[in-house]
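Single-letter residue listing:
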Amino acid sequence: MRALTVVPGQEGSLRVEERPDPEPAPGELLVEGLAIGICGTDRDIVSGSHGSAPPGADRLLIGHESLGRVRGAPESAGFVPGELVVGMVRRPDPVPCGACARGYVDMCRNGRYGERGIKGLDGYAATAWTVDPAYAVRLSPGLERVGALLEPATVVAKAWDQVQRIGGRSWFAPESVLVTGAGPVGLLAALLGRQKGLAVHVLDRAEEGRKPELVRELGADYHTGDVSAVMERERPDVVIEATGAPAVAFGAMGSLGPYGVLCLTGLSPAGRRLRIDAGELNTELVLDNAVVVGSVNAHRDHFRQAAAALAGADHGWLERIITRRVPLDSFAEAFAERREEDVKTILELGS
């Protein structure tokens, strides 16, 4: 098989190499790798600032936003050859914490989980891979062109799940959401918001081009400018933050209304400093019964919810999120500096 690997911590080490075809363990699926999505985490690994190789190995096979087709499956697996599948990312520690032991590896308490393509486990950027059926999720046959969007869609499926659980403390009937950021995660958060029947507002810096077009095609409202001004004008019940920009995150935090819920999904670079009135922020959160929650990774249920959301979406709209499709032999192009018009890059693994 051909595999895209990197030496974690070493910039410039990314390469395609030949490896022996994987041998599935008893009960595992053998999968033909079709594509992976490229995100900021992958770029951090390639730049040498993130990631770790499997124990005893120097190189990490990257790729966590997977898409494949079942090539071989035991009768007990619940899958058949030809089906589209995505592999889940996290695995519990060999001696798991209480959350991992109960299937909630996305809520790991001890931090000793593994992540395929990221932390201690080889990923899915290969022309063949294996996976335990317990960590495989079936996709609708019509999603072959866009199935690599499933993993980022699980991020927002979990975010919405967290919002609903938090709102369930009391009467909760949200009517509107503000999504900050119109990258893949933000656009998919907006999609799920529209599927839930909410009035959706999306805030981003781009003043023209594909991002505002995609938002408006959803039937959502597109905004630019200051997050606090947009929130003051629109008064959303829910905010899903998908930029990781500290000014946006704290601007949204300081503008939450009564019983507002802000879910943070974007990672912020270290070293960014802001001047905030911490006392005022604390007082407003307390007096409004407001909640700020961080959310990362996803449970199997979120993978299933995301798969249903993609299956029910306009597939042409989903395809327009993907602005670059790069063949495996041109992998360096997929990790090159992002262009202004880029939304999502997909690395295609087939010939």
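Residues numbered from 1 in each chain as written. Predicted model: local features only at pLDDT ≥ 70, side-chain atom pairs only at ≥ 80, totals over all residues. Heavy atoms only, no water.

Student: Give a detailed account of the packing of helix α6 (residues 227–234) against helix α7 (residues 246–253), specifying residues and quantitative values.
Tutor: With their axes 8 Å apart at the nearest point, α6 and α7 run at an angle of 30° to one another. Taken together, α6 and α7 sit at an angle that is classed as roughly parallel. By crossing handedness, the relation of α6 to α7 is classed as right-handed. Only A247, V248, G251 and A252 of α7 make contact with α6, whose side of the interface consists of V227, S228 and M231. Tallied by class, the residues present in the contact of α6 with α7 amount to five nonpolar, two polar and no charged. (Axes fitted to C-alpha atoms, helices over the stretch in contact; angles between N-to-C directions. Helix = DSSP H or I, 4+ residues; strand = E, 2+ residues; numbered from the N terminus. Parallel < 35°, antiparallel > 145°, perpendicular 65-115°, else oblique. Left-handed = near helix turned anticlockwise from the far one by under 90°. Contact = heavy atoms within 4.5 Å. Nonpolar A, V, L, I, M, F, W, Y, C, P; charged D, E, K, R; others polar.)

Student: How would you summarise the sheet that holds strand β9 (residues 120–121) if you had to cite specific residues and measurements?
Tutor: Across the sheet, which stays open at both edges, the three strands sit in the order β7-β8-β9 with mixed pairing between neighbours. The open sheet has two edge strands with one neighbour each: β7 (90–91) and β9. Where strand β8 (residues 114–116) and β9 come together, two bridges link them in parallel fashion. Within β9, the position partnered with E115 by the bridge is G120. (Pairing = 2+ DSSP bridges.)

Student: Lay out the sheet that holds strand β2 (residues 15–18) in plain terms, naming residues and giving numbers.
Tutor: One open sheet holds the three strands; their spatial order is β2-β1-β4, and the pairing between them is antiparallel. At either end of the open sheet lies a strand with only one pairing partner, and these are β2 and β4 (60–61). As judged from the two bridges shared by strand β1 (residues 2–6) and β4, these two strands associate in the antiparallel manner. Across the sheet, the residue bridging to T5 is L61, located in β4.

Student: Now, about the side chain of T180: what can you tell me, with residues and values included?
Tutor: Checked against the element boundaries, T180 lands in strand β12 (residues 176–180). Residues contacting T180, with those up to four places away along its chain left out, are L203, V227, V239, I240, E241, A242, T243 and V248.

Student: Break down the pattern of salt bridges for me, citing the residues and quoting the values.
Tutor: For the coordinates displayed, the defined rule picks out 23 salt bridges. Among the ionic pairs, K344 bridges to E65, the shortest N-O distance being 2.7 Å. Note that K344 is positioned in strand β19 (residues 344–348) and E65 in strand β5 (residues 65–72), a separation of 279 residues in sequence. Using a relative accessible area of 2% as the deciding quantity, one classes E65 as buried. (Salt bridge = Lys/Arg side-chain N within 4 Å of Asp/Glu carboxyl O. Buried < 20%, exposed > 50% of the residue type's maximum accessible area, 1.4 Å probe, protein only.)

Student: Can you tell me about the packing of aromatic side chains, naming the residues and giving the values?
Tutor: In total, this model carries two aromatic pairs according to the counting rule given. Ring plane angle 70° and centroid distance 4.5 Å describe the contact between Y124 and W129, whose orientation is recorded as edge-to-face. Taking relative accessible area as the criterion, Y124 reaches 0% and is therefore assigned buried. Lying over the aromatic face of Y113, R90 brings its terminal NZ or CZ to 3.6 Å of the ring centre. Here the basic side chain of R138 rests over the ring of F79, its NZ or CZ set 4.5 Å away from the ring centre. (Phe/Tyr/Trp six-rings, centres within 6.5 Å; stacked < 30°, edge-to-face > 60°. Lys NZ or Arg CZ within 6 Å of the ring centre and 35° of its normal.)

Student: Kindly report on the nonpolar core, identifying the contributing residues and their values.
Tutor: L150, L318 and I321 are the most contacted members of the largest nonpolar core, which totals 56 residues. Sort the elements by how many residues they give to this core and helix α3 (residues 150–167) lands first, with eight residues. Judged by nonpolar contacts, the second largest core, of 34 residues, contains L29, V89, W129 and A136. (Core = buried A, V, L, I, M, F, W, Y, C linked by side-chain atoms within 4.5 Å.)

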